[in-house]
Structures are given as C-alpha cells and as structure tokens.
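As a plain string of letters, each chain reads:
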Amino acid sequence: MPSHVSADPSADQPSPRGTVDSLITQTRRLRGDVDAVRRESSPQDGEEGRWQRALCDLAMHQLNDLDEHLAQLRDGPPPLTPRPPVPAPRATSVPEPLRGSLLSRVGTAEWNLLTDEASWSGELFQILGRDPAAPPLTLDELPSLVHADDQRMLTTMVTDCLIDGKPIDGEFRVARADGSLRTVHMMGEPVLDADGSTASMWAVLRDVSELRRSEHAVSESRDTLQRGQHIAQTEHRLAVELQEAVLPPWRGPLRIPRGGPDTLDLSARYLPSSVSALIGGDWYDALELPDGEVLLSVGDLTGHGVTVTSGMAMLLGALRGMAVAGARPGELMGWLNQLLDASVQPALGSAVCCRYRPETRTLVWAQAGHPAPLLFRNGTGCALPPPAGVLLGATTGAVYEQAEETLEPGDLLLFHTDGLVPRRAGIAAQLRLLALAPRFAEADTVQECVETVVEEFGETEREDDACVLIARVTD
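Parameters and conventions
Residues numbered from 1 in each chain as written. Predicted model: local features only at pLDDT ≥ 70, side-chain atom pairs only at ≥ 80, totals over all residues. Heavy atoms only, no water. Pairing = 2+ DSSP bridges. Helix = DSSP H or I, 4+ residues; strand = E, 2+ residues; numbered from the N terminus. Axes fitted to C-alpha atoms, helices over the stretch in contact; angles between N-to-C directions. Contact = heavy atoms within 4.5 Å. Buried < 20%, exposed > 50% of the residue type's maximum accessible area, 1.4 Å probe, protein only. Arc of directions from axis to C-beta. Parallel < 35°, antiparallel > 145°, perpendicular 65-115°, else oblique. Left-handed = near helix turned anticlockwise from the far one by under 90°. Nonpolar A, V, L, I, M, F, W, Y, C, P; charged D, E, K, R; others polar. Salt bridge = Lys/Arg side-chain N within 4 Å of Asp/Glu carboxyl O. Polar contact = N/O pair within 3.5 Å; in protein donor to acceptor, adjacent residues only side chain to side chain. Phe/Tyr/Trp six-rings, centres within 6.5 Å; stacked < 30°, edge-to-face > 60°.

Chemist: Sorry, what's going on with the sheet that holds strand β15 (residues 412-416) here?
Modeler: Remark on secondary structure: sheet strands pair via backbone hydrogen bonds, oriented parallel or antiparallel. Pairing within the open sheet is antiparallel, and its six strands lie in the order β6-β7-β16-β15-β12-β13. Of all strands in the sheet, those bounded by a partner on one side alone are β6 (254-256) and β13 (380-383). Sheet twist, expressed as the mean angle between neighbouring strand axes with direction ignored, is 25°. Two strands pair when backbone bridges link them, and strand β12 (residues 374-377) and β15 are joined in this way by three bridges, in the antiparallel orientation. The residue bridging Leu375 from the neighbouring strand is Leu413, located in β15. The sheet contacts of helix α8 (residues 427-434) involve β12, β13 and β15, and relative to β12 the element is tilted by about 30°. Strands in contact with helix α10 (residues 446-457) are β7 (264-271), β15 and β16 (466-473); relative to β7, the strand with the most contacts, it is inclined by about 25°.

Next comes the structure, spelled out in structure tokens:
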C-alpha cells in the first residue's frame with residue numbers, strides 16, 4: 001500500500017461538512033474521556049486531586065462550548081430572527097494577552113476558615129494583577145479587587161458555598177492595579193472536615209478575558225450578518241413592490257390602439273436573474289398616446305437594488321410624460337440623457353424608444369446603446385439598422401438620431417434588454433433569437449411567441465434580469 005506521501009493528491013477529499021462532523025465526534029469522545037477522569041478524582045485526595053477535578057470541570061465547560069460552536073459551523077448561519085442587543089464586553093480596555101500555556105492563565109487558591117489563612121498559586125497573583133510578594137487576600141478582602149457591579153454576585157457565590165455547600169461556578173471582573181479589567185471564571189467547592197463541617201474553600205480561577213472577547217466578536221459578526229440579511233430582504237421587497245407598481249400590469253395579450261382597424265398585438269415578460277435575488281432597472285412599456293400613436297419602449301438602468309429601481313421609475317415616468325407631450329424618439333432620448341446626467345446619483349442606462357403610427361404602419365425609433373429591435377417577416381428575421389446613440393448618462397449634450405421603418409401586416413417586432421442572454425455570447429445570442437423565426441411564424445398569438453422566447457432562454461444562467469416585449473402588426 002502506498003504511503004501517504006506518495007498517495008494520489010487528486011483523490012477525493014472529505015467535504016467541509018464531513019470534516020466538521022468528524023471534529024464534533026472527536027470532541028464528544030474527548031469530553032467522555034475527560035468526564036471519566038473527573039469521576040475518578042475526588043476533592044478528598046488532597047490539593048492535587050482537587051486541582052485535577054477543577055481543571056476537568058473547566059475542560060468539560062470548554063468542550064461543551066466547542067461542541068456547540070462546531071455544530072453552529074456545520075449548520076451554517078442561524079435563520080433571520082429578532083435578537084436582543086448583545087451586551088458590550090465587560091472589559092473596558094484591551095491589555096496585551098497573557099502568553100504561555102493554558103496553566104499560565106489558571107490559578108488556584110484555598111481559604112482556611114479555621115485559621116483565616118489564604119494560600120494562592122503564583123499564577124493567581126499574575127491573573128489578579130497582585131504583587132507576588134504581597135500576602136494573598138482573605139475571602140473578606142477578595143471583593144476589593146472585583147468590579148463594584150460584580151461584588152454582590154461574588155459575595156453571594158461564596159456565601160452559598162460556605163453555608164449551603166453549593167459549588168461555585170461564575171464569572172466576575174477584576175480591576176487590576178494597572179487599570180485594566182480582566183474577566184475571571186471561578187470554580188470552587190467547600191472542603192469538609194471529619195464531622196462534615198466546612199473547614200475551607202478551594203477554588204480554581206481562570207482568566208477568560210480573551211475567550212469572552214472572542215465570543216463577543218462572534219456574536220457581533222452574527223448580528224451584523226443578520227442585520228445585513230434583514231436589510232437585503234427589506235430592500236428586495238421594496239424593489240419588487242416598486243417595480244410592480246411601475247411596470248405595466250399586463251403581460252399580454254394586449255391590443256392597442258383600442259377600437260381601430262390597424263392595431264398592434266402585444267405581449268411582454270419580465271425574467272429575473274438566475275444567479276441573484278436582486279432586482280435591476282429593466283423595464284418594458286406600451287402606451288396609447290393622445291394623437292393615436294403607440295409608444296413602445298424597453299430599457300435598462302445599470303445596477304441593482306432599490307436605488308436603481310427607483311431611478312428606473314423616474315426614467316419611465318419622464319419618458320411617458322414627454323411622449324404624451326408629443327416628443328419624438330430622438331429628442332426624447334436627449335432629454336432622458338440630460339435627466340440622468342444631472343441626477344444626484346450617477347448612473348448609466350440603455351433604451352429603445354419607438355412611436356408607431358397605425359394609419360401608415362410607420363415605426364419611428366431611436367436607441368441609446370441598446371440592442372436593436374428584431375424584425376420578423378415571412379418566416380425570417382433581421383435586426384433593424386440602429387441609428388446613432390450613446391448610453392444614457394454617458395455624455396453631456398449627446399444627440400440621438402432617429403430611424404424610420406415601414407411595417408407590413410403580420411410583421412413581428414421583438415424588443416429585449418441585454419440581460420436576456422449572457423453578455424459574452426455576443427452576436428451568437430442575436431442569431432439564437434433570429435433562429436426562432438419559423439416558430440414565430442407558426443404561433444397563433446404573440447403570447448405564444450413570448451412563451452417561445454422564455455422556453456429558449458428562460459433556463460439560461462443569466463447574470464442580470466431581463467425584459468422581453470413582442471409586438472405584431474395585425475392583418
């Protein structure tokens with residue numbers, strides 16, 4: 001069997017989840033071993049036995065925390081739920097962490113109730129910031145080192161231990177001589193004499209300041225994550241509501257102008273991004289104008305989120321208003337460019353704007369850095385030659401040319417935003433759309449044509465959202 005050095009490096013590696021599960025199993029096995037050692041020790045075995053038992057208790061405490069943290073790592077971030085504010089860490093200053101082994105952060109103490117003597121380990125003097133040459137503090141003097149807000153808690157723990165025999169297991173803050181605050185975890189128990197009376201109290205104290213600060217950092221990062229999720233969900237909901245309020249409520253079929261013999265059959269669809277939940281600035285629109293003409297437009301404002309969606313709403317509202325006032329497509333694009341150029345939030349946009357005159361079946365259109373409309377006639381398709389026009393918001397004072405196309409009964413126009421297909425597809429994407437010409441010719445309604453586009457491109461991995469608008473000149 002080959003050694004691990006010569007093993008194939010391409011062999012399957014365990015998944016991250018499997019690795020964490022393995023760590024959890026090891027932690028629980030180790031916790032069982034430590035618990036077995038703890039049960040074998042006894043406070044009556046002398047100082048070494050009590051020290052061993054207390055350290056086992058501390059180890060069990062930390063292994064329980066480790067088991068919980070690994071389970072959280074395996075299960076991922078918690079669901080978004082309201083959480084109470086996390087209290088600030090107790091230490092008000094961040095001194096240099098103590099260096100060395102675990103034992104350098106663990107000290108022991110024993111207080112003899114019969115002689116009123118105290119015995120501290122050298123590590124405890126260091127933890128509490130006391131001069132090793134000074135005498136150890138008695139139980140009555142110990143609260144003088146403790147933060148004022150924690151003194152009553154310490155007194156209660158000690159009293160319960162000495163009078164009721166309850167083990168001590170709690171934390172308090174120590175105000176050291178250098179002005180720093182340290183968080184100390186204390187575990188202790190009474191030592192009984194032959195007749196069962198409390199003769200002394202023995203304790204292990206551990207400096208857990210860095211541990212608590214780390215836990216606080218984890219809590220803060222978790223809360224930050226949840227706040228970010230909440231904000232993202234709120235923004236997404238607002239963007240969806242704004243988009244739904246601005247875009248035409250119809251998908252199709254729609255026939256305009258209403259009541260006339262020469263009309264357009266319309267159908268449209270909004271396609272969300274397949275890789276992002278964010279809402280972009282894509283739009284489609286069709287509007288019957290007072291002079292009997294029909295306004296057709298599609299466009300896209302770059303970016304995602306509420307700001308972009310509200311910018312799209314502003315552009316679409318301005319476009320409708322100027323079209324109703326009689327603006328032609330070329331000058332209308334120029335005014336939209338000026339509007340974006342003067343906006344507080346810089347943005348770029350692309351658009352196609354058309355005015356269709358039913359009596360003459362004439363389409364007058366302009367574009368601003370946008371894919372040209374595709375014209376399908378007699379089972380074949382082509383892109384309309386685009387008039388000159390740069391992206392909206394790209395250049396101050398830009399001029400947009402117009403083009404005119406005379407349509408025939410049965411002609412079909414397809415408008416789309418560039419998110420319909422991956423940008424890297426280039427001309428191949430347009431060829432895929434043009435290849436749909438025979439299927440469009442066989443379709444009975446424009447809604448079937450839209451469904452054809454959705455079937456062809458709906459499963460494509462789109463980096464951006466998209467809009468499709470199809471108009472057919474009635475026979």
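Chemist: What should I look at first to understand α8 in this one?
Modeler: The α-helix winds at 3.6 residues per turn, so residues separated by three or four positions along the chain end up facing the same way. Among the residues of α8, those classed as buried are Ala429, Leu433 and Leu434. Down the axis of α8, the buried side of the element spans an arc of 140°, and every buried residue falls inside it. For α8, the exposed residues lying more than 90 degrees away from the buried face are Ile427 and Leu431. Among the structural elements, β12, β13, β15, α9 (437-442) and α10 are those in contact with the buried residues of α8.

Chemist: In this structure, what is going on with the packing of α8 against α10? I would like to understand it.
Modeler: For any two helices packed against each other, the geometry comes down to the angle between their axes and how far apart the axes lie. In contact at an axis separation of 11 Å, α8 and α10 are set at 135° when each is read in the N-to-C sense. Classified by the interaxial angle, the pair formed by α8 and α10 is oblique. Both α8 and α10 take part in a crossing whose hand is right-handed. Mapping the contact onto sequence places Ala429, Arg432 and Leu433 in α8 and Val453, Glu456 and Phe457 in α10. Class assignment of the residues belonging to the contact of α8 with α10 gives a composition of four nonpolar, no polar and two charged.

Chemist: Sorry if this is basic, but what is going on with the pattern of salt bridges here?
Modeler: Side-chain pairs of opposite charge can arise whenever the charged atoms involved come near each other. Per the stated rule, a full pass over the model turns up 24 salt bridges. Ionic pairing is found between Asp149 and Arg173, a salt bridge with its closest N-O pair at 4.0 Å. Remark: Arg173 occurs in strand β3 (residues 168-175) and Asp149 occurs in the loop between α3 (122-127) and α4 (151-164); sequence separation between them is 24 residues. Of the residues examined, Asp149 reaches a relative accessible area of 59% and is grouped as exposed. In this structure Arg173 comes out as buried when scored by relative accessible area, which is 12%. One network of salt bridges, with partners in common, ties together Asp291, Glu293, Arg328, Arg355 and Arg357.

Chemist: Help me understand the side chain of Gln367 in this model?
Modeler: Assignment of secondary structure puts Gln367 in strand β11 (residues 362-368). Classification of Gln367 by relative accessible area gives buried; the value is 6%. Looking at Gln367, its side chain comes within polar contact range of the main-chain nitrogen of Gly369, at 2.9 Å. Only 2.8 Å separates the side chain of Gln367 from the backbone oxygen of Pro387, close enough to count as a polar contact. Sequence-distant contacts of Gln367, defined by excluding residues within four places in its chain, comprise Met333, Ala351, Val352, Pro386, Pro387, Ala388, Gly389 and Tyr400.

Chemist: Looking at this structure, how should I read the sheet that holds strand β1 (residues 106-112)?
Modeler: Taken in spatial order, the five strands make up an open sheet running β2-β1-β5-β4-β3, and their pairing is antiparallel. Looking at which strands have only one partner, the edges of the open sheet turn out to be β2 (117-120) and β3. Across this sheet, the average inter-strand angle for adjacent strands is 25°, counted without regard to direction. Both β3 and strand β4 (residues 181-192) contribute to a ladder of eight bridges, which runs antiparallel. Of the residues in β4, the one forming a bridge with Glu171 is His185.

Chemist: In this structure, what is going on with unusual backbone geometry? I would like to understand it.
Modeler: The phi torsion of most residues other than glycine is negative, and most of the peptide bonds are trans. Each neighbour pair has its own omega, and for Ile256 with Pro257 the value is -5°, a cis peptide bond. Relative to the assigned elements, Pro257 resides in the loop between β6 and β7. Even without glycine at this site, Asp116 takes up a positive phi of about 60°. By the secondary structure assignment, Asp116 is in the loop between β1 and β2. A residue is classified by how much of its surface remains accessible, and Asp116, at 53% relative accessible area, is exposed. Backbone geometry places Arg361, a non-glycine residue, at a positive phi of 50°. The topology assignment puts Arg361 in the loop between β10 (349-357) and β11. Of the residues examined, Arg361 reaches a relative accessible area of 24% and is grouped as partly exposed.

Chemist: Help me understand the packing of aromatic side chains in this model?
Modeler: Each aromatic ring pair is specified by the distance between its two centres and by the angle formed by the two planes. Under the counting rule described, the total for this entry stands at two aromatic pairs. Seen from their ring centres, Phe376 and Phe440 are 4.9 Å apart, and the 85° between their planes marks the pair as edge-to-face. Of this pair, Phe376 sits in strand β12 while Phe440 sits in helix α9; the two residues are 64 residues apart in sequence, bridging distant segments of the chain. Just as Phe376 is buried, Phe440 falls in that class too.

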